[in-house]
Amino acid sequence: EDIGSAIEAALNYVQMHPEDVKFKHNLALTYAKNGIYARALSLYTELLTQDSNIAALNNYANVLCEVDEFRKAIHIFDEAIAADVSISTALLNKARCLERIGKDEAALRVIKQAIGVDNYDVKARCLAALLLKSQGKIKEAVRMLNQATRVDPQAAEPLILLSDVLIENGSFETAEVH
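The present account deals with the structure reproduced in this document. All values derive from a computational prediction rather than experimental measurement.

### Here's the deal with the nonpolar core
- In terms of nonpolar packing, the biggest core is built from 57 residues, with Tyr60, Ala73, Cys97, Ile111 and Leu145 touching the most fellow members.
- At eight residues, helix α8 (residues 122-134) tops the list of elements feeding residues into this core.
- Each residue touching Cys97, except ones within four places of it in the same chain, is listed here: Cys65, Phe70, Ala73, Ile74 and Phe77.

### Observations regarding the pattern of salt bridges
- Enumeration over the complete set of coordinates arrives at six salt bridges.
- For the salt bridge of Asp164 with Lys133, the shortest nitrogen-to-oxygen distance reads 3.1 Å. Of the two residues, Asp164 is situated in helix α10 (residues 156-168) and Lys133 in helix α8; the sequence distance between them amounts to 31 residues.
- A cluster of three or more residues bridged by salt bridges with shared partners is formed by Lys133, Asp164 and Glu168.

### Here's the deal with the packing of α8 against α10
- For the pair α8 and α10, interaxial distance at closest approach is 10 Å and the crossing angle is 15 degrees. It follows that α8 is roughly parallel to α10 by the angle criterion. For the element pair α8 and α10, the recorded crossing hand is left-handed. In contact with Val122, Lys123, Cys126, Leu130 and Lys133 of α8, α10 contributes Glu157, Pro158, Leu161, Asp164, Val165 and Glu168.
- Considering only residue class, the contact of α8 with α10 consists of six nonpolar, no polar and five charged.

### Let's talk about unusual backbone geometry
- Even without being glycine, Asp68 reaches a positive phi, approximately 65 degrees.
- Within the fold, Asp68 resides in the loop between α4 (54-66) and α5 (70-83).
- On the basis of relative accessible area, Asp68 is assigned to the partly exposed category, the value being 48%.

The rules behind the values
- Residues numbered from 1 in each chain as written.
- Predicted model: local features only at pLDDT ≥ 70, side-chain atom pairs only at ≥ 80, totals over all residues.
- Heavy atoms only, no water.
- Core = buried A, V, L, I, M, F, W, Y, C linked by side-chain atoms within 4.5 Å.
- Buried < 20%, exposed > 50% of the residue type's maximum accessible area, 1.4 Å probe, protein only.
- Helix = DSSP H or I, 4+ residues; strand = E, 2+ residues; numbered from the N terminus.
- Contact = heavy atoms within 4.5 Å.
- Salt bridge = Lys/Arg side-chain N within 4 Å of Asp/Glu carboxyl O.
- Axes fitted to C-alpha atoms, helices over the stretch in contact; angles between N-to-C directions.
- Parallel < 35°, antiparallel > 145°, perpendicular 65-115°, else oblique.
- Left-handed = near helix turned anticlockwise from the far one by under 90°.
- Nonpolar A, V, L, I, M, F, W, Y, C, P; charged D, E, K, R; others polar.

The following block contains the structure:
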């Protein structure tokens, strides 16, 4: 079946069922995942007038980041965080957005806040380590990655990043994973 007709059917469904916010949210996510940002933004704008839940705010802000509307995205992430500060995902996404505009120190503060909310967030520690590494703070990056491996010894990302950081800095023997 043609993708155009599938999209047309989905849009017809939205017109026939404007109250179905779950469908709108899923369709907006589908658009965003496939790089159809204008349609995703349009749907999120409409959706948020009906239901400004945290997931919708977070995903809307992610799309704004993808189209380089960073300041607006940060404002929307702040709305999601204000609604529920215990959602580490919005904090981490805000940190990624801050990083993209070169505000690494602010991004690190937000990542540390995310870790405070979810002490088991391996991705937050990995992102922090990458930022620390880019700032030349190798010991801090290694410490953050060691913490990530203790949180989840089976997670591959921190092990790979740790090896990368150590090898780049001449610590070949220490980089061997046993």
